[in-house]
Amino acid sequence: MNISCDILYPCKNAFTILCTLCVSILEGVFFVNKIFNKFNLFLNIYVSVVINVALCIVLPIAAMGMLNAPIFFKGFAIAFPVSTLIVLFIPINRLGDALAGTIGLKPRTVPHTLVSTAVLAFIVGTVMSLIMTGVNAGPFTGIFTPAYFAAWFSAYGWALLSVYVSALIWVWTGLPLTMKLCGPPKA
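The structure displayed is predicted, hence computed values, not measured ones.

Asks: Honestly, the side chain of S166 in this entry has me stumped. Any pointers?
Replies: Following the sequence through the fold, S166 ends up in helix α8 (residues 146–182). Relative accessible area serves as the criterion here: at 4%, S166 is assigned to the buried category. Among the polar contacts listed, one links the side chain of S166 to the backbone oxygen of S162, at a separation of 2.8 Å.

What follows is the structure, encoded as structure tokens:
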């Protein structure tokens, strides 16, 4: 039986993306100086602030139909450190860049940025919306119950959209701001 290379191409691309993710995580864990430098810390804290402000406003309104200061600050106090750790230790940008490159998009172009940012929005939006739903709705629905997942799923689309839009704002403002404040990243 002869299998065409075209049939195996998607599997090869998925394997390449998975390998890129694993190598990037290992680099992040074993080469901590690449993570904890002024440029990277400022850039990742900035993305966490932008995304979490958007999520802490949109998610309670979408899930519960209301927003007040205690809900906002409780959500932010929990979501900010979690998302900061996610963007620091999981190489979401590299994974997004690998996916965009795999489908043939040229780096530093608008389509490449849109696809790469969609990966970030999917990963961060999913994790953060699950956590924030647990924080805000969990006391009433229980965690990982059908009511919890109904509350989460009812707002999931809004969460992904708000993370995607806020991440695009971050992409087009965060890097220039970080370059101005911290200088170019060290290799």
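Asks: What's the story with the packing of aromatic side chains in this structure? I'm lost.
Replies: Here the distance between the centres and the angle between the planes together describe a pair of aromatic rings. Counted according to the given criterion, the structure contains 10 aromatic pairs. With 6.1 Å between their ring centres and 10° between their planes, F72 and F76 make a pair best called stacked. Of this pair, F72 and F76 both sit in helix α4 (residues 69–89), separated by four residues, roughly a single helical turn. By relative accessible area, which is 17% here, F72 ends up buried. Judged by centre distance (6.3 Å) and plane angle (55°), the ring pair of W152 and F153 falls under tilted. Among the aromatic residues, ring-to-ring pairing joins F144, Y148, F149, W152, F153 and Y156 into one connected group.

Asks: Would you take a moment to explain the nonpolar core for this structure?
Replies: Side chains of nonpolar character tend, in soluble globular proteins, to be buried together. Among the nonpolar cores identified, the biggest contains 25 residues, and I51, L55, L120 and V124 are the most heavily contacted of them. Mapped onto this core, the elements with two or more residues apiece are α3 (38–64), α4, α5 (92–102), α6 (110–136) and α8. Residue contributions to this core peak at seven residues, all from α3. Look past the residues within four positions of V124 in its chain and what remains in contact with it is I51, I86, V87, I92 and S129.

What counts as what
- Residues numbered from 1 in each chain as written.
- Predicted model: local features only at pLDDT ≥ 70, side-chain atom pairs only at ≥ 80, totals over all residues.
- Heavy atoms only, no water.
- Helix = DSSP H or I, 4+ residues; strand = E, 2+ residues; numbered from the N terminus.
- Buried < 20%, exposed > 50% of the residue type's maximum accessible area, 1.4 Å probe, protein only.
- Polar contact = N/O pair within 3.5 Å; in protein donor to acceptor, adjacent residues only side chain to side chain.
- Phe/Tyr/Trp six-rings, centres within 6.5 Å; stacked < 30°, edge-to-face > 60°.
- Core = buried A, V, L, I, M, F, W, Y, C linked by side-chain atoms within 4.5 Å.
- Contact = heavy atoms within 4.5 Å.

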